[in-house]
Amino acid sequence: MLKKRIRILVDMDGVLADFFGRRNQMLKNNPGIKFPQSQYRFFAELEPIKDAIEVFLFLSLHFDVHILTAPSIKNLLCYTEKAEWVLNNLGEEALSNMSISPNKDFFKGDYLIDDNDSGKGQDKFEGKLIHFHSKTNNWQDIKKYFIDTYPEHIQKTA
């Protein structure tokens, strides 16, 4: 019997990449810059959230995983820089499964992992929203949730 392919949409900023750590550090170092995310290379040089890369790649082996990130109107280069970050940190397959949209409720999925629960359509998303916050959640918890919820989807390896 074929099992349904579970689709997981994953936000980038604050979930995969440490947007807030970089922004806060730039504000501390350059208090005159009101919007650090407006600076060239801001998005391309974000650090990954702890365990995000490993767990994202693990989930991608067993589920239909896509990146769904909103653009920054303060930096139109973010489209290219976010794509560069995904390519460099997650690879070409993840890049081919990436969408940039200010409206997350336009997309279909079983799950949306996002650090916000509203503002970009998260509250209207038809699937289940997993509200991620790097101070109260971690990627190992996300991995355990999907293993425990869908053990039949986890391919056993020798």
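See the structure shown above.
Attention in this report is confined to the structure presented alongside it. (Residues numbered from 1 in each chain as written. Predicted model: local features only at pLDDT ≥ 70, side-chain atom pairs only at ≥ 80, totals over all residues. Heavy atoms only, no water.)

## Regarding the layout of surface pockets
Empty space within the largest pocket amounts to approximately 420 Å³. The wall of the largest pocket is formed by 22 residues, among which Asp13, Phe19, Ala70, Pro71 and Lys120 lie closest to the centre. When residues of the lining of the largest pocket are assigned to their parent elements, the largest contribution, 3 residues, is made by helix H1 (residues 19-29). In the lining of the largest pocket, the residues fall into 7 nonpolar, 6 polar and 9 charged. (1 Å grid on protein atoms, 1.4 Å probe; cavity = no way out; pocket = protein on both sides within 12 Å on 5 of 7 lines; lining within 4 Å. Points joined across faces, edges and corners; volume = space filled by probe spheres on them. Helix = DSSP H or I, 4+ residues; strand = E, 2+ residues; numbered from the N terminus. Nonpolar A, V, L, I, M, F, W, Y, C, P; charged D, E, K, R; others polar.)

## Considerations on the nonpolar core
Ranked by internal contacts, the top residues of the largest apolar core, which has 37 residues, are Ile113, Trp139 and Phe146. Every element with two or more residues in this core is listed here: strand E1 (7-10), H1, helix H2 (52-62), strand E2 (64-69), helix H3 (78-90), strand E4 (111-114) and helix H5 (139-149). Considering each element in turn, this core owes the most residues, 6 residues, to H2. If we skip the residues at most four places from it in the chain, Phe146 touches Ile8, Leu59, Phe63, Tyr111, Ile113, Ile130 and Pro151. (Core = buried A, V, L, I, M, F, W, Y, C linked by side-chain atoms within 4.5 Å. Buried < 20%, exposed > 50% of the residue type's maximum accessible area, 1.4 Å probe, protein only. Contact = heavy atoms within 4.5 Å.)

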